[in-house]
Amino acid sequence: MKILLTQNLLYFPTLSGGTKANRAIAQGFVNQGHTCRVVVSSTIPVGLGPRTRTEFLRELALRGISFTPAAVEVDVFHLEGVNVHAVADPALLPSYLIDQIREFDPDWVIISEDTGQSLSRAAMQVCPSRVVHLVHSTAELPCGPNALLPSAAGTELFQQTTGIITVSHYLKNYIQQWLGLDATVIPSP
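An account of the accompanying structure is given in this report. (Residues numbered from 1 in each chain as written. Predicted model: local features only at pLDDT ≥ 70, side-chain atom pairs only at ≥ 80, totals over all residues. Heavy atoms only, no water.)

## Examining the nonpolar core
At step 1: Counting 20 residues, the largest nonpolar core has Leu4, Leu97, Ile101, Val109 and Ala123 as the members making the most contacts within it.
At step 2: Elements supplying a minimum of two residues to this core: strand E4 (74–79), helix H3 (93–104), strand E6 (108–112) and helix H4 (118–126).
At step 3: Looking at this core element by element, the count peaks at six residues for H3.
At step 4: With near-sequence residues (within four places) excluded, Ile101 lies in contact with Leu4, Pro106, Val109, Ala123, Val126 and Cys127.
At step 5: One finds Leu5, Tyr11, Ile65 and Phe77 within the second-largest nonpolar core, a separate group that totals 19 residues. (Core = buried A, V, L, I, M, F, W, Y, C linked by side-chain atoms within 4.5 Å. Buried < 20%, exposed > 50% of the residue type's maximum accessible area, 1.4 Å probe, protein only. Helix = DSSP H or I, 4+ residues; strand = E, 2+ residues; numbered from the N terminus. Contact = heavy atoms within 4.5 Å.)

As structure tokens, this is what we get:
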């Protein structure tokens, strides 16, 4: 099976709990014999982590990870069997995701850490029947009292998705209450 996982955050270096879990999940897919490609940002405009492509590439070099420039703003590297596409300009991430879905033709597209639903919108344009959301926190959701960026359009996108996976029964209940959808609970690795 071919799986494409995407998030608006870094994949490496890993800085957040959700990202650490996503990385473990991607590596788990590879360990089970699946092919996994990840499309992520390589920079963080604010906060901890590389703010520029140069800083990101320096992080890879410090860890002995070789990379290949794949496009003007994209670097590709392999980490524990996972093919990682790191996009330096976050504004280009949705269009690059669309390109990768078309090129890779995954069986499933797993979207996580997508607070503004830009990746969801992109994936739903190309392969709506193969999109699954992986939710680690209420902040990622577009509705309810804990939504970081409430959005009626984002709520509608979630309601069109093929499935939702979450890491706790609390999140499952929150999704049921505020989205009116069922979610499958798979504890975080």
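## Quick look at the pattern of salt bridges
A side chain with one charge can pair with a side chain of the opposite charge if their charged atoms come near.
At step 1: Summed over all chains, the structure comprises five salt bridges.
At step 2: The partner of Arg37 in a salt bridge is Glu103, and the shortest N-O contact between them spans 3.2 Å. Residue Arg37 is located in strand E2 (residues 35–41), and its partner Glu103 is located in helix H3; the two are separated by 66 residues in the primary sequence. (Salt bridge = Lys/Arg side-chain N within 4 Å of Asp/Glu carboxyl O.)

## A word on the sheet that holds strand E7 (residues 131–135)
At step 1: As summarised here, the arrangement of the nine strands in space is E3-E4-E5-E2-E1-E6-E7-E8-E9, forming an open sheet in which the pairing is mixed. Two strands bound the open sheet, and with one partner strand each, they are strand E3 (68–71) and strand E9 (184–185).
At step 2: Across four bridges, the pairing between E7 and strand E8 (residues 163–166) is parallel. Opposite His133, over in E8, you have Ile164 as the bridge partner.
At step 3: The strands touched by H4 are strand E1 (2–7), E6 and E7; relative to E6, the strand with the most contacts, the crossing angle is about 165°. (Pairing = 2+ DSSP bridges. Axes fitted to C-alpha atoms, helices over the stretch in contact; angles between N-to-C directions.)

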